[in-house]
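Coordinate inspection notes
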Amino acid sequence: MPDRWSSLLTRSVDATLIRRHEDKLLLVLTLVIGALVGLVVVAFILVTENLGARFFPGGGTAWQRLLTPAVGALVAGWLLYRHFPGAAGSGIPQTKAALFLHDGFISLRTTAGKFACSSLSLASGIALGREGPSVHVGAGIASALGRRLGLGPSRVRTLVPIGSSAALAAAFNTPIAAVLFSLEEVMGNMHAPVLGSIVLSSATSWLVLHLLLGDEPLFHVPAYQLIHPLEFLVYAILGVVGGLVSAAFTKLLLAVRRRFRALPAHTAWAHPAAGGVLVGVLALFVPAVLGVGYTHVGEALNGKIAVGTMALLLVLKLVATAGCYGSGNAGGIFGPSLFLGAMMGGAVGGAAHLLFPDYTGGAGAYALVGMGAAFAGIIRTPMTSVIMIFEITRDYTIIVPLMIANLVSYFISSRFQREPIYEALQHQDGVELPPPREEHEGLLRVGRAMRPRRDVLSPGETIREAKVRFAAAPDAWLVAEGNRALGTVTPADLDAAQREGRDDSPVADLLAGPFPEAVALTHTAHVHADQTADLALQRMADAGVRVLPVMGREDRGEIVGAVSVGDILSAYGISGRKPPPPPLPSDATSPWALLGGVAAVVAVVLVLVGVLTYQYREQRLASAQRALEEGRALVRQEHTLEAVQQFRNALAGLGSNEARLELGLALITLDRLDESAIYLREVVRTDPANGPANLGLAQIAASRDSRDEAVTYYDRAIVGMWADSPTQHEIDTRFELVEFLARVGDRNPAIAQLLQLEPLVAGDEGAERRIAQRLFSLGAVQQSADLYHAILERDPENAGAHMGLGQARFVLADYAGALLAFRSASRLAPGNESAAQRLALCERIVQLDPTARRLTMARRHERSLKLLEGALAAHDGCAGEADTVLDEASSVLVERAGSILTARRRPPSLGDATDANVQLAIDLLQAARAHCPSRVYDEALTLVLARLAG
């Protein structure tokens, strides 16, 4: 924000007033943050997707897949190096550091840089995700807004998790999981007092997302079904694999990042390009490596990727993501962890289904559980992963397998990689966060007992100087050079040196050996000022020393002081007490021994499963077949809801397209179209010519007015395979397609479908009449009349066909033909009032028509006079209305008509007189209708004159 706008906003806010009403302001600010962050995250999604579509049009050519990630990463790396150094990585470690170490401060510059660089990196195909950057951006917006409003540091810290929760809710469409993630990972406190505000911001942001992008889940997944209780064992195995994959991914990412951080600092701008080149090379052969890969995750969840392909994608994505993140690109590991989990779960589930098809479901369910297992193992937020998958599927039945796999994965991962990934990343940056303050409230902290940095000995000080400086010190002292601890000396060491006459010798000569090698690298050789005194004593005992350096949290290599056993005892008011003996080291179970035990248990259970498979197979198949037949019977009885459950049971047992088709069609009846489409598409994927499945998908598309999709599926259903009566199904499907086309206004295609139906229904009078009626309603009147005529040639006594033919000929202005048809319809159906009315009208029309065949010239002239008389009467009726004013032309027409009708002499030419009378009648009626448009005129007269007028 420019300085002039910043100062203007700051001046417009009374800071004192704000601080007085901070509690009330927090509620309003939460809503504002939720809405604003939601908008920004939606923009982030749209910008990334649109840029990606431009970078890779149509999937991209080989050279685009190779060069675009490298170039995009290089540009983003230069921006990060020169302008936005705090925007690299996922953003979640930076968010936590801001929350705990910087009073919630995240600069607006860093926030903008995170948005821009992450958008560029992700759009160029870097194998990272958008959720971590979204969290950082959301937290940055909340932080900047709080500071601009003059809130105190404690309130700004409060806003950081509020912004994080809002960002994740919009980025991943999981508002509940966003709340849990903010509490579980960002704050590390599930009982945070700001819980209400976090929930409110998450809900607000989620609402903004749905208003702008619609109510669409991130993934469409089929309904989950447990096949057999022994399937829980496979989910446990999946958890073991998930833990191993999670630990391997974390270790590889940290190792790659450690190598890049060891390179010269001035080359940091080019490091991200290495990750881009890696992705580009892999994408040359496997394009699915590009980007976060949510499309491929959706395919894995629906069982559309082969087992071998999923295993390959798991390995390649693991390498690509570790390379991209480790090289310093802007992007998160949230989304890639879900990709890894989906491919891992799909591969494990697919292999299990191949080995034990009777006891396991398809690969999709395992891909879903694998997502949660990988997330729990990598991110180490088991509660968030469970709720997140539940929100993705909106199906509670997946919870138990998910909990099993998550727990096992979390345990295995933590044994092989004890340090969570975000904590490890912070430690690589030299940052160590304090523990939640609620854990040790009221205990003595190191900061109250430690000596400051000025009371730490340097190795060049003489023994005399050291003795003078610390004459009153009761215990050992730390010797440090710069920010490196060298060792410790005690008062006894100084006294002995003085007795030997070494007053001018440096203190370094007294160091018996180097300080423990783990200084500033592990938790056992140093402490922080905000840690407790009992932890300091424990670490002294573990390291075998009586004094520890006190390190800063923002830079763990910086020594800010020292603390000794004596310092702690003095702080407690005790002196001269010896420290307690170090505790015996606890025996830890070897990860390899744990893995061996798990493998043994798995082997035993697999043998048991193999023994049970044979006797269970026939029983399960028979039960599933019975469920299928019972479901069909329930559908016939219109008990569709109960039928759906039976079809689910049948599908779980048979896993066949037959059961899947029945379930999908039944769900259409219940108007559960989204779920139905999942099953029917699975049928069509394996059996593209399946007529009923294509018809069901056509009906779903038609209900949504998706014209092209509906027509495609209707066409496939028409030529598809049907179990019985294929011709009748084709007829019914074409009729249904005609109705849909008519509803959406596609008249000509509907008529074409009806004409194609004619040869199929030849001889079926009911179907032919239905076609003729629909042709008539669509405006194909002549085709309708021809079809009615064909029906009457076979069955002259068909009253309905006579009625339809009469209506068609009436519209075609063939009133004589219509008269004959209506006369036959009245004779065959005497009670048909409509036929009688139409007959009477046609008789009047025929009696008035001067062009009827076999009329003498005198009779034609006589009828023309009747038409003129009727038109004059209609005009007089219009003129008689109170508010009608006739013009001069109308008066001339009336005068001419009057003179003709009162003339006594026969005209010289009856033909010319007839034509003149007809034209004058037409002009009179048109004038009357122009002056009195709402008036009701003689229908027969109107129709005859309209036809004669051409």
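All of these numbers come straight from a predicted model, not from anything done at the bench.

Calculation criteria
- Residues numbered from 1 in each chain as written.
- Predicted model: local features only at pLDDT ≥ 70, side-chain atom pairs only at ≥ 80, totals over all residues.
- Heavy atoms only, no water.
- Phe/Tyr/Trp six-rings, centres within 6.5 Å; stacked < 30°, edge-to-face > 60°.
- Helix = DSSP H or I, 4+ residues; strand = E, 2+ residues; numbered from the N terminus.
- Buried < 20%, exposed > 50% of the residue type's maximum accessible area, 1.4 Å probe, protein only.
- Contact = heavy atoms within 4.5 Å.
- Core = buried A, V, L, I, M, F, W, Y, C linked by side-chain atoms within 4.5 Å.
- Pairing = 2+ DSSP bridges.
- Salt bridge = Lys/Arg side-chain N within 4 Å of Asp/Glu carboxyl O.

Attention shifts here to the packing of aromatic side chains. According to the stated counting rule, one finds 8 aromatic pairs in the structure shown. Aromatic pair Phe172 and Phe334: ring centres 5.4 Å apart, planes at 65 degrees, arrangement edge-to-face. Of this pair, Phe172 sits in helix 8 (residues 153–172) while Phe334 sits in helix 15 (residues 334–355), and the two are 162 residues apart along the sequence. We classify Phe172 as buried; its relative accessible area is 1%. Measuring from centroid to centroid gives 4.6 Å for Tyr235 and Tyr366, while their planes differ by 20 degrees, and the two rings are stacked.

A few words on the environment of Leu665. Along the polypeptide, Leu665 turns up in helix 27 (residues 657–669). Take Leu665: its relative accessible area is 28%, and that puts it in the partly exposed class. Sequence-wise, Leu665 and Leu680 are 15 residues apart; in three dimensions their C-alpha atoms are separated by 7.9 Å. The residues touching Leu665, leaving out its near neighbours within four places in the chain, are Leu680, Pro692 and Gly696.

Attention now moves to the nonpolar core. Counting 113 residues, the largest nonpolar core has Phe181, Leu253, Ile333, Met371 and Met388 as the members making the most contacts within it. With 12 residues, helix 16 (residues 363–379) is the single largest residue contributor to this core. Each residue touching Phe181, except ones within four places of it in the same chain, is listed here: Ile92, Leu168, Val186, Phe334, Phe375, Ile379, Thr381, Thr384 and Tyr422.

Right, let's talk about the pairing of strand 5 (residues 547–551) for a bit. Of all 5 residues in strand 5, 5 are buried, a share of seventy percent or more. Across the two faces of strand 5 the burial is the same, with Val547, Pro549 and Met551 and Leu548 and Val550 all buried. Where strand 4 (residues 527–528) meets strand 5, 2 bridges bridge the pair, whose relative direction is parallel. Bridge pairing in strand 5 places Val527 opposite Val550. Relative to strand 6 (residues 559–564), strand 5 is paired through 5 bridges, and the arrangement is antiparallel. Bridged to Val547 within strand 6 is Ser564.

A word on the pattern of salt bridges. Considering all chains together, one arrives at 18 salt bridges under this definition. Between Glu797 and Arg827 there is a salt bridge whose closest N-O contact spans 3.8 Å. Of this pair, Glu797 sits in the loop between helix 34 (781–794) and helix 35 (799–811) while Arg827 sits in helix 36 (residues 815–828), placing them 30 residues apart in sequence. On the basis of relative accessibility, which here comes to 47%, the residue Glu797 falls in the partly exposed class.

Mapped onto the secondary structure, Leu673 falls in helix 28 (residues 673–686). On a C-alpha basis, the gap between Leu673 and Arg704 in space is 9.9 Å, while along the polypeptide they are 31 residues apart. The residues touching Leu673, leaving out its near neighbours within four places in the chain, are Ile668, Ile700, Ser703 and Arg704.

Everything listed is a geometric property; what it means functionally is a separate question.
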